[in-house]
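# Structural overview
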Amino acid sequence: AQSVTQLGSHVSVSEGALVLLRCNYSSSVPPYLFWYVQYPNQGLQLLLKYTSAATLVKGINGFEAEFKKSETSFHLTKPSAHMSDAAEYFCAVTTYSSASKIIFGSGTRLSIRP
Amino acid sequence: EAGVAQSPRYKIIEKRQSVAFWCNPISGHATLYWYQQILGQGPKLLIQFQNNGVVDDSQLPKDRFSAERLKGVDSTLKIQPAKLEDSAMYLCASSLERGESYEQYFGPGTRLTVT
């Protein structure tokens, strides 16, 4: 069975600072990994996904994530935070054998200080 | 392309009442998911449909929750009777059968409050 762990339920950064949201996964077979963003009282929107191609994945809104098999990590980064980035971020994992069932992490709330 | 539609967006009911949520997936998407998201947690899969058949309902509390997807298009999730702990966001998502690397598209959700 696969799982994800998001380190830090709340991260606060200054506007213009680096954003780093951490995600570690567990999977006995090659995983597919996702980052989703959720704004208050809205559904989830896909930021980016890793599907066994390039290990550095670029997504929307300037976000990117790097798949590191040796560290079982898929951390999300953005060089310069913007006020509009304030939201909840979820890391998620699935595998080919899981019939597209996605397991979500518990989420990290990102706050941006002016 | 229209996204996943859900209604209502908000619902407040008293415990022991019943409630139903509706979802219309993206046109052509064979797979439909219902998730429960309790405040401060990640979404938890309740049920997954492939066309109009159930693929996974292992996390669905079948004594009070039911779901159907007639004709393999839109879907309804029902709770009867509701409990206080059912207060949550209910999210519907859909995906192509397999071709899009499991990318799921989410609707805006229904916020349920049980008093």
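Details of the structure are given in the entry above.
Structure report, in brief. (Residues numbered from 1 in each chain as written. Chains lettered and ligands numbered in written order. Predicted model: local features only at pLDDT ≥ 70, side-chain atom pairs only at ≥ 80, totals over all residues. Heavy atoms only, no water.)

Accessible area lost during the coming together of the parts is what is often quoted as the interface size. Every contact between the two is made by 22 residues of chain A and, on the other side, 25 residues of chain B. Together, the buried faces of chain A and chain B total about 1800 Å²; carbon and sulfur atoms form 52% of this surface. Where chain A packs against chain B, one counts one salt bridge. Put simply, E103(B) and K49(A) hold a salt bridge, and the shortest N to O gap is 3.0 Å. The interface formed by chain A and chain B includes six residue pairs in polar contact (both at pLDDT 80 or more). Among the elements of the structure, β4 (31-38), β5 (44-50) and β9 (87-95) of chain A are those that each provide at least two residues to the side of chain A that touches chain B. Of the residues forming the side of chain A that touches chain B, the biggest block, four residues, is contributed by β4(A). (Contact = heavy atoms within 4.5 Å. Buried area = accessible area lost by both parts, 1.4 Å probe. Salt bridge = Lys/Arg side-chain N within 4 Å of Asp/Glu carboxyl O. Polar contact = N/O pair within 3.5 Å; in protein donor to acceptor, adjacent residues only side chain to side chain. Helix = DSSP H or I, 4+ residues; strand = E, 2+ residues; numbered from the N terminus.)

Take the side chain of S94(B) next. Residue and element names in this part refer to chain B. With respect to the secondary-structure elements, S94 resides in strand β9 (residues 88-95). Taking the relative accessible area as the measure of exposure, S94 reaches 0% and is therefore buried. Those residues in contact with S94, other than ones at most four positions away along the chain, are V4, P25, I26, H29, T31, L32, Y33, E103, Q104 and Y105. (Buried < 20%, exposed > 50% of the residue type's maximum accessible area, 1.4 Å probe, protein only.)

What follows concerns the sheet that holds strand β7 (residues 64-68) of chain A. Residue and element names in this part refer to chain A. Pairing within the open sheet is antiparallel, and its five strands lie in the order β1-β3-β8-β7-β6. Only two strands of the sheet have a single neighbouring strand rather than two, namely β1 (3-7) and β6 (56-58). On average, each strand axis in the sheet is tilted by 20° relative to the strand beside it, whichever way the strands run. Alignment of β7 against strand β8 (residues 73-78), held across five bridges, turns out to be antiparallel. Paired with F67 across the strands is F74, a residue of β8. (Pairing = 2+ DSSP bridges. Axes fitted to C-alpha atoms, helices over the stretch in contact; angles between N-to-C directions.)

To continue, consider the state of the cysteines. Residue and element names in this part refer to chain A. Tallied over the entire structure, the rule returns two disulfides over all chains. Put simply, C23 and C91 are joined by a disulfide, and their sulfur atoms are 2.0 Å apart. In this structure, the disulfide formed by C23 and C91 twists by about -65° around the S-S bond and is classed as left-handed. On the criterion of sequence distance, the pair formed by C23 in strand β3 (residues 19-26) and C91 in strand β9 is long-range, its members being 68 residues apart. (Disulfide = S-S within 2.5 Å.)

Residues and elements named next belong to chain B. The four strands lie next to each other as β1-β3-β8-β7, forming an open sheet whose pairing is antiparallel. Strands at the two margins of the open sheet, each flanked by one partner only, are β1 (5-7) and β7 (65-68). Neighbouring strand axes in the sheet, compared pairwise and without regard to direction, differ in orientation by 15° on average. Pairing geometry for β1 and strand β3 (residues 19-24), over three bridges, is antiparallel. The residue bridging A5 from the neighbouring strand is N24, located in β3.

Nothing here speaks to function; it is all geometry.
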